[in-house]
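These are the residues of each chain, in order.
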Amino acid sequence: SVIGPQAPELRQTRDLIDELDADLVALLARRAVLANRAGQIKAKHGHGVRDPGREQRLLGERRQLAEKYNLDPEGISRVFEAVMRFSRDLQQRD
């Protein structure tokens, strides 16, 4: 049988996804505050926005977490590459 868009289980699942997405945006907002703080500290000490070594370590750690949760490490890596790009853009904006 085909699940219609009004199926209660689908509607409930989509509502839960929407709630989780709101939580993710709130977490990204918290991360943005910390990224801005890091950017100010870097500027104060004469450091550039990018830290390629840290970025590679972070991506490796996030890939390991992905494996722990049985997720695709490359997919999670792409998500965090986007998150880091978002953070760098914030730091360069100030």
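Everything in this summary refers to the structure shown in the same document.

What counts, and at which threshold
- Residues numbered from 1 in each chain as written.
- Predicted model: local features only at pLDDT ≥ 70, side-chain atom pairs only at ≥ 80, totals over all residues.
- Heavy atoms only, no water.
- 1 Å grid on protein atoms, 1.4 Å probe; cavity = no way out; pocket = protein on both sides within 12 Å on 5 of 7 lines; lining within 4 Å.
- Points joined across faces, edges and corners; volume = space filled by probe spheres on them.
- Helix = DSSP H or I, 4+ residues; strand = E, 2+ residues; numbered from the N terminus.
- Nonpolar A, V, L, I, M, F, W, Y, C, P; charged D, E, K, R; others polar.
- Salt bridge = Lys/Arg side-chain N within 4 Å of Asp/Glu carboxyl O.
- Buried < 20%, exposed > 50% of the residue type's maximum accessible area, 1.4 Å probe, protein only.
- Axes fitted to C-alpha atoms, helices over the stretch in contact; angles between N-to-C directions.
- Parallel < 35°, antiparallel > 145°, perpendicular 65-115°, else oblique.
- Left-handed = near helix turned anticlockwise from the far one by under 90°.
- Contact = heavy atoms within 4.5 Å.

Here the largest pocket is characterised by a volume of approximately 390 Å³. For the largest pocket, the lining is made up of 16 residues, of which R31, K42, R54, S87 and Q91 are closest to its centre. Within the residue set of the lining of the largest pocket, elements represented by two or more residues are α1 (8–44), α2 (52–68) and α3 (73–93). With five residues, the top contributor of residues to the lining of the largest pocket is α1. Tallied by class, the residues present in the lining of the largest pocket amount to six nonpolar, two polar and eight charged.

Under the defined criterion, the tally for this structure stands at three salt bridges. With its nearest N and O atoms 3.3 Å apart, the salt bridge here joins R62 to E61. Under the relative-accessibility criterion, R62 is labelled partly exposed at 21%. Overall, the relative accessible area of 42% leaves E61 in the partly exposed class.

Where α1 contacts α3, the axes come no closer than 9 Å and their chain directions differ by 50°. In terms of axis orientation, α1 runs oblique to α3. Where α1 crosses over α3, the handedness of that crossing is right-handed. Contacts between α1 and α3 involve L28, R31, A32, A35, N36, A38, G39 and K42 on the former and, on the latter, V83, M84, F86, S87, L90 and Q91. Residue composition of the contact of α1 with α3, grouped by class: eight nonpolar, four polar and two charged.

Here we take up the packing of α2 against α3. Contact geometry of α2 with α3 gives a least axis separation of 9 Å together with a crossing angle of 140°. Here α3 runs oblique to α2, going by the angle between their axes. Here α2 and α3 pass one another in a crossing that is right-handed. Residue-level contacts link E55, L58, L59, R62, R63, A66 and E67 of α2 to P73, E74, I76, S77, F80, E81, M84 and R88 of α3. Partitioning the contact of α2 with α3 into residue classes produces seven nonpolar, one polar and seven charged.

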